[in-house]
Amino acid sequence: MEVIICKTDDEMSRAAAEAVADVLNAKPNAVLGMATGSTPLGLYQQLVRMHKAGQLDFSQVTTFNLDEYVGLPVTHEQSYHRFMHENFFRHVNIPPQNVHIPSGTTRNYRAFCDWYEQRIRECGGIDVQILGIGSDGHIAFNEPASSLSSRTRLKTLAKSTIDDNARFFKSRDEVPIYAITMGVGTIMEARKILLLANGKKKADAVAQAVEGPVTSMITASALQMHPDATVYIDHEAAGKLKMREYYDWVKEKKPEAPRV
Ligand code: F6R
């Protein structure tokens, strides 16, 4: 696991965007795994900026989102469909038929989840997966005690996640209780993983995910077993890391990969 500690949220977003751009430059028809929430907003802004500057073409890209709330119509202002459209898809040139977001309104969740997994396989698997992390250490909506080999499924949100996400809704009662989410096992099959975290509120979860034991109680800790996972964090989110000096030293001494 590589840990990149950035001075600011903006630096974190730029560094992660560069990593996505590197994948797209090497493979223009890459499959991207997308996350929602407040953390990746800066990353999406950077990708949109690169696209508008003519540096990044998404015309052959396919995407799969991690999760969606159950029961919210796609037009709901807090649905992840709406989030992705507003913050990313409407600004870039991904063909709409290449966009996949779990359905929060299907009447057959089990069949839908199986189909979603199958679509990921048919598209060749996810090349780069973007992740945030919950304050309880979740990735996607894999709450504590989720199986580390779980697949896409219906999941009941933890009360702490409902509390955290209440800030986006008019009241806590409006936050959906269920979500469809990729499993930890699904995420672990991505070829490359970028996990982003910012702010003090994430410091404990980041420390446990990066330096704690691999445990289903912090599902992000499974990333320690991934061959190509990079954690991009700002100073505040890095606040509880014991090996912080080492990560900075590695970043400083990193051999520059030759650029073609
Ligand atoms: C969103 C998702 C969640 C969020 C996490 C952090 O698609 O999968 O795991 O990444 O809850 O959310 P923010 O970034 O709002 O703190």
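As a starting point, this report considers the structure included with it. (Residues numbered from 1 in each chain as written. Predicted model: local features only at pLDDT ≥ 70, side-chain atom pairs only at ≥ 80, totals over all residues. Heavy atoms only, no water.)

1. Brief notes about the pattern of salt bridges
- By the definition in use, this model includes 15 salt bridges.
- Note that R82 and E86 form a salt bridge whose closest N and O atoms lie 3.9 Å from each other. With R82 and E86 both in helix α3 (residues 80-87) and 4 residues apart, the pair spans about one turn of that helix.
- You can call R82 partly exposed: its relative accessible area is 31%.
- Take E86: its relative accessible area is 32%, and that puts it in the partly exposed class.
- Among the charged side chains, a network of salt bridges with common partners joins K27, D127 and R191. (Salt bridge = Lys/Arg side-chain N within 4 Å of Asp/Glu carboxyl O. Helix = DSSP H or I, 4+ residues; strand = E, 2+ residues; numbered from the N terminus. Buried < 20%, exposed > 50% of the residue type's maximum accessible area, 1.4 Å probe, protein only.)

2. A few points about the sheet that holds strand β10 (residues 229-234)
- Within the open sheet, the 7 strands sit side by side as β1-β10-β9-β6-β2-β3-β5. Their pairing is parallel. With partners counted over all chains shown, the strands left at the sheet margins are β1 (2-6) and β5 (99-100), one partner each.
- For strand β9 (residues 192-197) and β10, the ladder comprises 5 bridges, and the chain directions are parallel. Counted as the bridge partner of L196 is Y232 from β10. (Pairing = 2+ DSSP bridges.)

3. Regarding the site of the ligand
- Residues in close proximity to the ligand total 14 residues, the closest being T39, D67, H138, A140 and K202.
- One nitrogen or oxygen atom from the main chain of S38 is found 2.9 Å from an oxygen atom belonging to the ligand.
- The separation between an oxygen atom of the ligand and a polar side-chain atom of K202 is 2.6 Å.
- When the ligand is considered free in solution it has 410 Å² of accessible area, and contact with the protein chains removes 95% of it.
- Counting atoms within 2 Å of the grid points, the majority share of the ligand lands in the second largest pocket. (Near = heavy atom within 4 Å. Polar contact = N/O pair within 3.5 Å; in protein donor to acceptor, adjacent residues only side chain to side chain. Areas by Shrake-Rupley, 256 points an atom, 1.4 Å probe, with all protein chains shown as cover. 1 Å grid on protein atoms, 1.4 Å probe; cavity = no way out; pocket = protein on both sides within 12 Å on 5 of 7 lines; lining within 4 Å. Sits in = over half its atoms within 2 Å of the grid points.)

4. Considering the layout of surface pockets
- In this structure, the second largest pocket spans a volume of roughly 610 Å³.
- Around the second largest pocket, the lining comprises 34 residues; the ones closest to its centre are T36, G37, S38, N165 and F168.
- Secondary structure elements with two or more residues in the lining of the second largest pocket: β4 (67-69), α3 and α5 (159-165).
- Among the elements that line the lining of the second largest pocket, the one with the most residues is α3, at 4 residues.
- Taken together, the residues that form the lining of the second largest pocket break down as 13 nonpolar, 13 polar and 8 charged. (Points joined across faces, edges and corners; volume = space filled by probe spheres on them. Nonpolar A, V, L, I, M, F, W, Y, C, P; charged D, E, K, R; others polar.)

5. Digging into the pairing of strand β3 (residues 62-65)
- Every second residue of β3 is oriented toward a common face, with T62 and F64 on one face and T63 and N65 on the other, all of them buried.
- Judged from the 4 bridges that link them, strand β2 (residues 31-34) and β3 form a sheet pairing that is parallel. Bridged to V31 within β3 is T62.
- Regarding the hand of the β-α-β motif, the stretch spanning β2, helix α2 (residues 41-52) and β3 is right-handed.
- As paired elements, β3 and β5 share 2 bridges and run parallel to each other. In the sheet register, T63 faces β5, and the bridge partner there is V99. (Right-handed = clockwise from strand over helix to strand, strands pointing away.)

On their own, these measurements won't tell you what the molecule is for.
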